[in-house]
Amino acid sequence: RPGVEELTEGWAAVEAARRLGAESPREEALVEAAAAFFDNPESADYWQRIDRFERAMARAHAAHPEEPETTAFYALARLATAERAEDPSAQRAGAAELLLTIYERQPNHPGAVHYMIHANDVDGRADENLDIVRSYDEIAPSVPHALHMPTHIFVRLGDWDEVIRWNELSASAALDFPAGDKTSHHHIHALDYLLYAHLQRADDQRAREVLDAMH
C-alpha cells in the first residue's frame, strides 16, 4: 500500500493534471477518480481511499459506459472493495459482467482478461469464463505475469497439468525480463506455483528439480 510519500506524489500529479485541464469529460472524470484516491495524503485510512475511488469510478462509468478503459477500472475498483462488501459474490459477479462487455467488443483487451481472472479467483466462480482465461497467452505471449495469471484459476480447479504448463511458460519468459542485474521476482513466483503443482501430483522427482533450480 502506498505510504505518505507515494500519496503526496500522487496528489501532486492530480493537481498538475487539474492545472493542465482535461481535454474531454472522460479525461476529467478519470482525473477526479485519481483525486478521490490521493486526496489528503497524510490520512492513513487506506480503505476510505478505495471506497472513494470506487464511487468516483462508478460516476465515470455511468457518464461514459461505452469507454473500455473506464469500464475496466470501474470493475477493478469493485473487485478492490469486494471483500468488504455486504455481498462479495454479487460484487465480483457485477465486476465480471462489466469486463465481459469489454471482452465481447475487444477480445484482445488485456485488462478485461486480467481482471476477469481476479473476479473469478474465488470459490464458486473458478469454472466461469475458462475460454477467456485460456486466451491470455494469445494476448500477451511473452509477458511473465500474464502467463502466470491463469494459474490462479487452475489451482482452484485442481488442474495440475495446466498449472504446470502455464508456470513453465511464465518462469521461462521471466528470464527475458531481468530486474537490473537480478532475476525478476516473476521467475521465482512461477517456480513456487510449479513446485506446488508437482507436489500435488506426487511427482517428487520433478518437485526436487524445481526446488534445486530455486537455489
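Numbers given to residues run from 1 along each chain, matching the order in which its sequence is written. For a predicted model such as this one, the threshold for reporting local features is a pLDDT of at least 70, and the threshold for listing and counting side-chain atom pairs is 80 or more; totals across whole chains, interfaces and linings nevertheless cover every residue. Side-chain metrics in this entry use all non-hydrogen atoms of the structure; hydrogen atoms and water are not considered.

Participant: Looking at this model, I keep getting lost on the overall build of the chain. Mind explaining?
Facilitator: Each helix and strand in the chain was counted, giving 13 helices and 0 strands. Listed by position from the N terminus, the elements making up the chain come as α-α-α-α-α-α-α-α-α-α-α-α-α. Taking the contacts inside the chain whose residues are at least 6 apart along the sequence as the reference set, 50% of them involve residues at least 24 apart. The accessible surface values rely on the Shrake-Rupley method and a 1.4 Å probe; as for residues, cover is taken only from the protein chains in view. Surface exposure of the chain reaches about 11,700 Å², of which carbon and sulfur atoms provide 50%. Secondary structure is summarised from DSSP: a helix means a run of H or I of at least four residues, a strand means a run of E of at least two, and numbering begins at the N terminus for each. It only takes one pair of heavy atoms within 4.5 Å for two residues to be counted as in contact.

Participant: Where do I start with helix α3 (residues 46-63) in this structure?
Facilitator: Residues spaced three or four apart along an α-helix point in a common direction, a consequence of the helix completing one turn every 3.6 residues. Every helix has an expected span of 1.5 Å times one less than the residues it contains. The end-to-end C-alpha distance of α3, which contains 18 residues, comes to 26 Å, matching closely the 26 Å that a straight helix rising 1.5 Å per residue would cover. Relative accessibility thresholds used throughout: buried, under 20% of the residue-type maximum; exposed, over 50%; partly exposed, between the two (1.4 Å probe, protein chains only). Here α3 has its buried residues at R49, I50, F53, E54, A56, M57, A60 and H61. Packing partners of the buried residues in α3 comprise α1 (4-20), α2 (25-38), α4 (68-80) and α5 (88-105). Here a polar contact is taken to be a pair of N or O atoms separated by no more than 3.5 Å, where protein atoms must pair a possible hydrogen donor with a possible acceptor and residues adjacent in sequence count only if both atoms sit in side chains. Capping of α3 at its N-terminal end is provided by D45; its side-chain oxygen lies 3.2 Å from the backbone amide nitrogen of W47.

Participant: What is the right way to read unusual backbone geometry from this model?
Facilitator: Peptide bonds are trans in most cases, and residues, glycine excluded, mostly fall at negative phi. The backbone phi angle of N40 is positive, close to 55°, even though this residue is not glycine. When you line up the elements, N40 lands in the loop between α2 and α3.

Participant: Explain the packing of aromatic side chains to me, please; I cannot follow it from the model alone.
Facilitator: Given two aromatic rings, their pairing is described by the distance between the two centres and the angle made by the two planes. The criterion for an aromatic pair is that two Phe, Tyr or Trp rings (for Trp, the six-membered ring) have centres within 6.5 Å, with stacked assigned to planes under 30 degrees apart, edge-to-face to planes over 60 apart and tilted to the rest. Under the definition given, this model contains 4 aromatic pairs. Between the aromatic rings of Y46 and W47, the centroid separation amounts to 5.5 Å while the plane-to-plane angle is 75°, which identifies the pairing as edge-to-face. Residue classification places Y46 among the partly exposed residues on the basis of a relative accessible area of 23%. For W47, a relative accessible area of 27% gives the class partly exposed. Ring centres 5.7 Å apart and planes at 75° place the aromatic pair W160 and Y196 in the edge-to-face group. On the criterion of sequence distance, the pair formed by W160 in helix α11 (residues 160-174) and Y196 in helix α12 (residues 185-200) is long-range, its members being 36 residues apart. Of the aromatic side chains, those joined through ring pairs into one cluster are F37, F38, Y46 and W47.

Participant: In this structure, what is going on with the pattern of salt bridges? I would like to understand it.
Facilitator: For salt bridges, the criterion is a side-chain nitrogen of Lys or Arg within 4 Å of an Asp or Glu carboxyl oxygen. Enumeration according to the criterion identifies 12 salt bridges in this entry. The residue R92 makes a salt bridge to E83 at a minimum N-O spacing of 2.9 Å. Judged by relative accessible area, which is 11%, R92 ranks as buried. Close ionic contact of R208 with D212 constitutes a salt bridge, the shortest N to O distance being 3.7 Å. Of this pair, R208 and D212 both sit in helix α13 (residues 204-214), 4 residues apart, roughly one helical turn. Residue R208 is classed as partly exposed on the basis of its relative accessible area, which comes to 48%. Owing to a relative accessible area of 45%, D212 belongs among the partly exposed residues under this scheme.

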